[in-house]
Amino acid sequence: MLSKKIQAALNDQINNEFYAAYLYLSMSGYFRETNLAGFAHWMQMQRQEEIAHAMKIFDFVYDRDGLVELQALKKPPARFESPLDVMEQALGHEREVTAKINDLYELAVKEKDYPTQALLQWFITEQVEEEASALQIVEQLKMIGDSRAALLMLDRELGARTMGE
Ligand SMILES: [Fe+2]
Ligand SMILES: [Fe+2]
């Protein structure tokens, strides 16, 4: 059985994960518009991952005899300045999510909710990867600077990403 506090916090996190999916979809649109199909593909993979994160929590809540109440999604940004701007915002977003997961974990410890702690341990590990992959692309874009040829090479590399990477 979930406590009301944990249930409410998990409901919020479901919304955060769906918002992340929505944000990555918007970013994917920017890359479609700017003809960077590989980046667009990478963002679509992110979107799918975020929906899987939301569903992991959704299923967990019902497995614990709790209730999900889906909330409205806020509007993600629709305009971006450059690939670097997009990736910096993606990294910033992942860092915010990490902070939220950490807060949730702290609450689960306080409430002595061990199954929720186990679920969140998976998310804590996942966030390390999420931040690392966004940071790597940010750093590579900084190296690339104004080189169109190098940008196209990175685009090709990102286009080869498969699920689970
Ligand atoms: Fe996520
Ligand atoms: Fe993420």
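Look up: the structure comes first, before these words.
Here we summarise the structure given alongside this text. (Residues numbered from 1 in each chain as written. Chains lettered and ligands numbered in written order. Predicted model: local features only at pLDDT ≥ 70, side-chain atom pairs only at ≥ 80, totals over all residues. Heavy atoms only, no water.)

Moving on: the overall build of the protein. Along the protein, the regular secondary structure elements total 5 helices and 0 strands. Helices (α) and strands (β) of the protein occur, in sequence order from the N terminus, as α-α-α-α-α. Viewed in the frame of its principal axes, the protein has a C-alpha envelope of about 55 × 25 × 25 Å. With 165 residues in all, the protein has 45% of them scored as buried. Partitioning the intrachain contacts of the protein with sequence separation of at least 6 by distance along the chain shows that 80% fall at a separation of at least 24. If you sum the accessible surface of the protein, you get close to 9,200 Å²; carbon and sulfur atoms cover 55% of it. (Helix = DSSP H or I, 4+ residues; strand = E, 2+ residues; numbered from the N terminus. Buried < 20%, exposed > 50% of the residue type's maximum accessible area, 1.4 Å probe, protein only. Contact = heavy atoms within 4.5 Å. Areas by Shrake-Rupley, 256 points an atom, 1.4 Å probe, with all protein chains shown as cover.)

This part takes up the packing of aromatic side chains. Under the definition given, this model contains 5 aromatic pairs. With 5.3 Å between their ring centres and 70 degrees between their planes, Tyr30 and Phe31 make a pair best called edge-to-face. Judged by centre distance (4.8 Å) and plane angle (25 degrees), the rings of Phe31 and Phe39 are stacked. Grouping residues by exposure puts Phe31 and Phe39 together as buried. Ring-pair connections join several aromatic residues into one group, and the members of that group are Tyr30, Phe31, Phe39 and Phe80. A cation over an aromatic ring shows up here: Lys56 above the ring of Trp122, its NZ or CZ 4.1 Å from the ring centre. A cation sits over an aromatic face here: Lys74 above Tyr19, 4.6 Å from the ring centre. (Phe/Tyr/Trp six-rings, centres within 6.5 Å; stacked < 30°, edge-to-face > 60°. Lys NZ or Arg CZ within 6 Å of the ring centre and 35° of its normal.)

Protein-derived ligands of the iron ion (ligand 1) are Glu17 (OE), Glu50 (OE) and His53 (ND1), with the metal-ligand distances lying across 2.0 to 2.1 Å. Within one chain, the residues donating to the iron ion (ligand 1) are spaced in sequence as E-x32-E-x2-H. A separation of 3.4 Å is found between the iron ion (ligand 1) and the iron ion (ligand 2), both of which receive a donor from Glu50. With Glu50 and His53 both in helix H2 (residues 37–63) and 3 residues apart, the pair spans about one turn of that helix. With a relative accessible area of 1%, Glu50 lands in the buried category. (Donors = N, O, S within 2.8 Å, 3.2 Å for Na, K, Ca; no water.)

The next thing to look at is the side chain of Ser28. One can find Ser28 in helix H1 (residues 4–33). Not counting residues up to four positions away in its chain, the partners in contact with Ser28 are Ala40, Met43 and Gln44.

Glancing now at the coordination of the iron ion (ligand 2). Protein-derived coordination of the iron ion (ligand 2) comes from Glu50 (OE), Glu94 (OE), Glu94 (OE) and Glu130 (OE), at a distance range of 1.9 to 2.6 Å. Classification of the site at the iron ion (ligand 2) rests on its 4 donor atoms, whose angles at the metal span 53 to 147 degrees, yielding the label irregular. Read N to C, the donor residues that coordinate the iron ion (ligand 2) are spaced as E-x43-E-x35-E. (Tetrahedral: all angles 85-135°; square planar, octahedral: opposite > 155°, others 65-115°.)

Its location among the elements puts Asp85 in helix H3 (residues 83–110). For Asp85, a relative accessible area of 18% translates into the label buried. Considered as a pair, Asp85 and Leu154 are 69 residues apart in the sequence and their alpha carbons are 16 Å apart.

Before going further, it helps to examine the packing of H2 against helix H4 (residues 114–144). Axis separation between H2 and H4 bottoms out at 12 Å; the angle between their running directions is 170 degrees. In terms of axis orientation, H2 runs roughly antiparallel to H4. Counting all contacts with H2, which are made through Phe39, Trp42, Gln46, Glu49, Glu50, His53, Lys56, Ile57 and Phe60, the residues of H4 involved are Pro115, Thr116, Leu119, Trp122, Phe123, Glu126, Glu130, Ser133, Ile137 and Leu141. Here the residues of the contact of H2 with H4 sort into 10 nonpolar, 4 polar and 5 charged. (Axes fitted to C-alpha atoms, helices over the stretch in contact; angles between N-to-C directions. Parallel < 35°, antiparallel > 145°, perpendicular 65-115°, else oblique. Nonpolar A, V, L, I, M, F, W, Y, C, P; charged D, E, K, R; others polar.)

Moving on to the nonpolar core. In this structure, Met27, Phe31, Phe39, Met43, Met87, Ile137 and Leu141 are the most contacted members of the largest nonpolar core, which totals 25 residues. Listed by contribution, the elements that provide at least two residues to this core are H1, H2, H3, H4 and helix H5 (148–159). Among residues more than four places away in sequence, those in contact with Leu141 are Phe39, Pro83, Leu84, Met87, Leu151 and Leu154. One finds Leu2, Ile14, Ile57 and Phe60 within the second-largest nonpolar core, a separate group that totals 18 residues. (Core = buried A, V, L, I, M, F, W, Y, C linked by side-chain atoms within 4.5 Å.)

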